[in-house]
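Residues per chain, in single letters:
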Amino acid sequence: MELETKVYQKEGNLRIGKLLKESLADIARSRFLSFQLAKRDIQAQYRQSYLGIIWAFITPLATAFVWIFLNNSGTVRITDTGIPYPVYAFSGTLLWSIITESINSPMASTNSAKSILSKINFPKEALVVSGIYKLLFNSSIKVVLLLIFVFFYGVGFHWSLLLFPISILGGVLFGTTLGLFITPLGLLYKDIGRMISFGLQFLMYVTPVVYAIPKSGIMKTIMELNPFTPIILTARDLAVGFPPTYLTYFLIVIACCIPLFFIALLFYRISIPILVERMSA
Amino acid sequence: MNEVLISVENLSKKFCKDLKTSLWYGVKDLASGLSGNRNERELRPKEFWAIKDISFELRRGECLGLIGHNGAGKSTLLKILNGLINPDAGKVTIKGRVGALIELGAGFNPILSGRENIYNNGAILGFTRKEINEKIEEIIDFAEIREFIDMPVQNYSSGMKVRLGFAVAAQMQPDVLIIDEVLAVGDLGFVLKCFKQIDTILPKTAIVFVSHSMPMVSRICNQIILMDRGESIFQGEDVGKAIDKYYTRFVDNESNVVFTDGSIDLEDIELLDTFGYEKNIPQLRWGDNLKLAFKFKINSLVAIPAFHISIFDKEQRPVAIFEPNVEELISLNDSDRIEFIVEHKNLQLSKGIYSINIVVSKMANNEPLLRMNGIASFQVLHQTDTWPPFLLKSSYQSI
């Protein structure tokens, strides 16, 4: 039987095709590992808590309630969104929480696996994939809650709702790609992680999360350029049965994300040995 | 001849002493990692070679021991062999499936039960779900914790965790096995079990073994590298010689007083009729006479005390004690000196380095007056390595 041969040396292998093939082979080989890691984390998370699943959507729910209150009490005046405002606000904060969670996911998964990374050689891609599994699990719970909102406020069923999960997948892909690019630097410097969560707070206000894009002005330009906008808007339009106005931009963003995702994955793969060397065990 | 499974050529690795600098170099390395990394690596400020120019080859069925004091670069070498970090120069070629016993029980989540964690750990070690399903009963039996298998791992003792971890890892069938100092935990029975397991896989495997326990190294290794500050200072098949060299690095000629009541002091001790010296350690050949000359100064003492002179080996195990003195044989020749020679003929201690401790106590009631460790050391020379402390002179005849 021919034995698999591994060579470790200073010079990196930069033939993208070969690297990508190895990377994908590793993902395929580590299917069970990624599933098991996700299962472990989810199990552990809920076994040590009574409220369990509630924590997954308490933040977007709270943010939504704040805005619903601000709107109803007349503190802030929000332009008509075409659907009941609670549905608008909650779908926004919920989609936003899915995207931010996706951005943080690769870094969080890698960080929590630090001690194994410096001791055992296993396909690192499994960490990313297990992160995606966890995202999909959390997101599906949030989606169920959103559906309750949609029906409770009388928006009703539209066939486009069936496409809604695909737009969620798009959001997860977008966030994970961004997160993967940040991860290597973020693991070296803690500043990066803080900067990201800090920056995201502001980014939320230039994204149509809790209010619609204004009809004119500088805010309109910024919001329309912001690549987070089409993700949120398309997903929301599909959920409530509006024709998705930003569909083209959404498709462009997703089309860019697919190759970028694989590039980020390779970047991640190359970076891990360098990071393990610098990380504490 | 079996095939070569591990081949290491001129391997070097550098580390940085300063965290901030190290992180910044990390950023630079990330950038150069993306461009293929073809530049010659030289030491940047605040860096040092953690491993320098190590080369070796290992075939199936062989076991290489890596020894050296803490920080000699052993674990770093293992990490490179395991593909966790990349070398800065040189090349490693490894054939076949690599298993590493560097950390047992990786991926355990403390809240989950032992059974669930077998799946977690197994997945990280590269098993499939089917393989684990098939082996789970075997794993539980090997770990001997069936009773507690559904209890959360956080309630396990550290020994139980290691047992479970090893039981999972023992199911690997690697071509190359890398073992770091993991077996030190766990009770004796379990350590023996582990070694039995390692013995059974050794013929099919090339093993790299790091340990500070020389008996273990000499038991399973047939090749050895002694490392110091990242460099190999001894390499070859003469395991015994490397172990000797390792021990001589720890010999200190400092004697220390553990206890004294001030009534008597050791002034001088000397080994007589020695064969030679190496690094100030007197040498004797096996079968020579061991002759020690003592000189004590008496500060306040009326009667001749009892001298208990014992010999310790390099692992600080007591191996022998001289018969105690009888009163008449030593006399107070001067008012404040005691001098005497004690001799043991035909020394049968086996090859190695030994040190001498002494306890001086009152003859009448054994009340201690002076206790000193490491007052002298000597080396016994012989051509063969023996692990037991004595090599008994023997004659054989047929009956």
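Now for a look at the structure at hand. (Residues numbered from 1 in each chain as written. Chains lettered and ligands numbered in written order. Predicted model: local features only at pLDDT ≥ 70, side-chain atom pairs only at ≥ 80, totals over all residues. Heavy atoms only, no water.)

What to know about helix α6 (residues 125-152) of chain A
Along its 28 residues, α6(A) runs 41 Å from first to last C-alpha, staying within 8% of the 40 Å computed at 1.5 Å per residue. Of the residues flanking the end of α6(A), it is A:Gly154, one or two places downstream, whose phi is positive at about 75 degrees. (Helix = DSSP H or I, 4+ residues; strand = E, 2+ residues; numbered from the N terminus. Expected span 1.5 Å × (residues − 1).)

Brief notes about the packing of aromatic side chains
Taken as a whole and judged by the stated rule, the model has 22 aromatic pairs over all chains. The interplanar angle of 50 degrees and the centroid separation of 4.8 Å between the aromatic rings of B:Phe307 and B:Phe340 together place this pair among those described as tilted. Within this pair, whereas B:Phe307 is found in strand β15 (residues 306-313), its partner B:Phe340 is found in strand β17 (residues 337-344), the two being separated by 33 residues in sequence. Residue classification places B:Phe307 among the buried residues on the basis of a relative accessible area of 3%. Given a relative accessible area of 12%, B:Phe340 falls into the buried group. Put simply, the rings of A:Phe90, A:Phe149, A:Phe152 and A:Tyr153 touch in pairs and so form one group of aromatic residues. We note B:Arg44 situated over the ring of B:Tyr25; from NZ or CZ to the ring centre the distance is 4.0 Å. (Phe/Tyr/Trp six-rings, centres within 6.5 Å; stacked < 30°, edge-to-face > 60°. Buried < 20%, exposed > 50% of the residue type's maximum accessible area, 1.4 Å probe, protein only. Lys NZ or Arg CZ within 6 Å of the ring centre and 35° of its normal.)

Brief notes about the interface of chain A and chain B
Taken together, the contacts link 41 residues of chain A with 64 residues of chain B. With both chains or domains summed, chain A and chain B bury close to 4,600 Å², and 61% of this area falls on carbon and sulfur atoms. When the area that chain A buries against chain B is broken down by residue, the three leading residues are A:Tyr8, A:Lys10 and A:Arg278, summing to 18%. Inspection of the region where chain A meets chain B yields three salt bridges. Across the salt bridge formed by B:Glu116 and A:Arg47, the nearest N and O atoms sit 2.9 Å from each other. Listed by contribution, the elements that provide at least two residues to the side of chain A that touches chain B are β1 (5-9), α2 (31-47), α5 (114-117), α7 (164-188) and α11 (247-278) of chain A. Residues belonging to the side of chain A that touches chain B are distributed by class as follows: 22 nonpolar, 10 polar and nine charged. Taken together, the five bridges between β1(A) and strand β4 (residues 89-95) of chain B define a ladder with antiparallel strand orientation. Looking across to β4(B), one finds that A:Gln9 is bridged to B:Lys91. (Contact = heavy atoms within 4.5 Å. Buried area = accessible area lost by both parts, 1.4 Å probe. Salt bridge = Lys/Arg side-chain N within 4 Å of Asp/Glu carboxyl O. Nonpolar A, V, L, I, M, F, W, Y, C, P; charged D, E, K, R; others polar. Pairing = 2+ DSSP bridges.)

Overview of the packing of helix α4 (residues 85-112) of chain A against helix α8 (residues 190-203) of chain A
Residue and element names in this part refer to chain A. Running from N to C, α4 and α8 point in directions that differ by 170 degrees, and their axes come no closer than 11 Å. Classified by the interaxial angle, the pair formed by α4 and α8 is roughly antiparallel. Of the two elements, α4 crosses α8, and the hand of that crossing is right-handed. Counting all contacts with α4, which are made through Trp-96, Thr-100, Ile-103, Asn-104 and Met-107, the residues of α8 involved are Gly-193, Ile-196, Leu-200 and Leu-203. Considering only residue class, the contact of α4 with α8 consists of six nonpolar, three polar and no charged. (Axes fitted to C-alpha atoms, helices over the stretch in contact; angles between N-to-C directions. Parallel < 35°, antiparallel > 145°, perpendicular 65-115°, else oblique. Left-handed = near helix turned anticlockwise from the far one by under 90°.)

Side note on the sheet that holds strand β9 (residues 231-236) of chain B
All names here are of chain B. The strand order β5-β6-β7-β3-β8-β9 describes an open sheet built from six strands, whose pairing is mixed. Bordering the open sheet on either side are β5 (98-101) and β9, each of which pairs with just one other strand. Within this sheet the neighbouring strands show an average axis-to-axis angle of 15 degrees, counted without direction.

Some thoughts on the pattern of salt bridges
Close approach of charged atoms allows side chains with opposite charge to pair. For the coordinates displayed, the defined rule picks out 33 salt bridges over all chains. Here A:Arg278 and B:Asp29 are joined by a salt bridge, their closest N and O atoms 2.8 Å apart. On the criterion of chain membership, the pair formed by A:Arg278 in helix α11 and B:Asp29 in helix α1 (residues 19-34) is interchain, its members lying in two chains. For A:Arg278, a relative accessible area of 9% translates into the label buried. The salt bridge partner of B:Lys362 is B:Glu367, with a shortest N-O separation of 3.5 Å. What makes B:Glu367 partly exposed here is its relative accessible area of 35%. Members of the salt-bridge network, linked through shared partners, are A:Glu277, A:Arg278, B:Lys13, B:Lys14, B:Asp29, B:Arg44, B:Glu47 and B:Asp88.

A few points about the nonpolar core
One broad trend across soluble globular proteins is that nonpolar side chains are buried collectively. Residue and element names in this part refer to chain B. Formed by 167 residues in total, the largest nonpolar core has its most connected members in Ile-6 and Leu-81. Ignoring anything within four residues of it in the chain, the contact list for Ile-6 reads Phe-56, Glu-57, Leu-58, Leu-81, Thr-93, Ile-94, Val-176 and Val-208. Counting 32 residues, the second-largest nonpolar core is a separate cluster that includes Leu-284, Phe-322, Ala-376 and Val-380. (Core = buried A, V, L, I, M, F, W, Y, C linked by side-chain atoms within 4.5 Å.)

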